[in-house]
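The residues making up each chain are set out below.
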Amino acid sequence: GMIPKPMLEVGGFPILYHQIMNLKKSNIYDIIIIIGHLGEKIREYFGDGKKYGLRIQYFEENPNEPLGTAGALYYLKEKLDDDFVFLLADIFFDVDLDRMIKFHKKKNATITLFTHPNSHPFDSDLVLTDEKSKVVGFDYKTNDRSNYDYTNLVNAGIMIFSPEILNYMTKQVK
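Residues numbered from 1 in each chain as written. Predicted model: local features only at pLDDT ≥ 70, side-chain atom pairs only at ≥ 80, totals over all residues. Heavy atoms only, no water.

Colleague: Could you clarify how one ought to interpret the layout of surface pockets in this entry?
Modeller: Regions of empty space are outlined by a rolling probe, equal in size to a water molecule, passed over the atoms. When its volume is computed, the largest pocket comes out at roughly 1,200 Å³. As for the largest pocket, its lining consists of 44 residues, of which Ile32, Ile33, Val85, Phe86 and Leu87 are closest to the centre. Secondary-structure elements contributing two or more residues to the lining of the largest pocket are helix 1 (15-25), strand 3 (30-35), helix 2 (39-46), helix 3 (68-75), strand 5 (84-87) and helix 4 (97-106). Tallied by class, the residues present in the lining of the largest pocket amount to 25 nonpolar, nine polar and ten charged. Each pocket or cavity is described by its volume, and for the second largest pocket that value is around 830 Å³. (1 Å grid on protein atoms, 1.4 Å probe; cavity = no way out; pocket = protein on both sides within 12 Å on 5 of 7 lines; lining within 4 Å. Points joined across faces, edges and corners; volume = space filled by probe spheres on them. Helix = DSSP H or I, 4+ residues; strand = E, 2+ residues; numbered from the N terminus. Nonpolar A, V, L, I, M, F, W, Y, C, P; charged D, E, K, R; others polar.)

Here's what the structure looks like:
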């Protein structure tokens, strides 16, 4: 049958399993998984997380009215009272999240993005930063870049948010 993309297996385990183990390695034990279409497959596999020494909760989107990321975070406001890591569930990575979290706290940042060069910057949205690593803008793939040099830095889909970002999240984000 159909499986959600995060449940595709790499080395015998779903991508999402590898992500969750990466979080655990960085001493992150409380996990909320936002699930939509086919989400019950994820819930069946991970359950409440006890067998991994974790606490896993689920936030289920209504398939008829997907909220988008910001909308889902709006509903999770009361659960998110500290800095939190936000991941897109279908990316395969092995990142030192501890180091990223320390950077986030040291910079007293509201949002920290994990960026990296990729093999196809010409059709990717690029992240623009200043000399202090502060994000100053985005160069969208729809821009005509034929008349300027651009840096090869893309958003990897791994972010750290401070809880105050949730004040900007509203119920209806279309």
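Colleague: Just checking my understanding: could you explain the environment of His104 for this structure?
Modeller: The topology assignment puts His104 in helix 4. When neighbours within four sequence positions are excluded, His104 is seen to be in contact with Asp83, Ala109, Thr110, Ile111, Thr112, Ile160, Phe161 and Ser162. (Contact = heavy atoms within 4.5 Å.)

Colleague: I tried to follow unusual backbone geometry on my own but got confused; where do I start?
Modeller: If a residue is not glycine, its phi is most likely negative; likewise, a peptide bond is most likely trans. Positive phi is not limited to glycine here, since Asn27 has a value of about 60°. In this structure, Asn27 sits in the loop between helix 1 and strand 3. Although it is not a glycine, Asn108 sits at a positive phi angle of roughly 50°. The residue Asn108 is located in the loop between helix 4 and strand 6 (111-116) in this model.

Colleague: So what exactly am I meant to see when it comes to the packing of helix 1 against helix 2 here?
Modeller: How two helices pack is summed up by the angle between their axes together with the distance between the axes. Between helix 1 and helix 2, the least distance of the axes is 11 Å, while the angle of their chain directions is 50°. Judged by the inter-axis angle, helix 1 sits oblique to helix 2. As helix 1 runs across helix 2, the sense of the crossing is right-handed. Residue-level contacts link Leu16, Tyr17 and Ile20 of helix 1 to Ile42, Tyr45 and Phe46 of helix 2. (Axes fitted to C-alpha atoms, helices over the stretch in contact; angles between N-to-C directions. Parallel < 35°, antiparallel > 145°, perpendicular 65-115°, else oblique. Left-handed = near helix turned anticlockwise from the far one by under 90°.)

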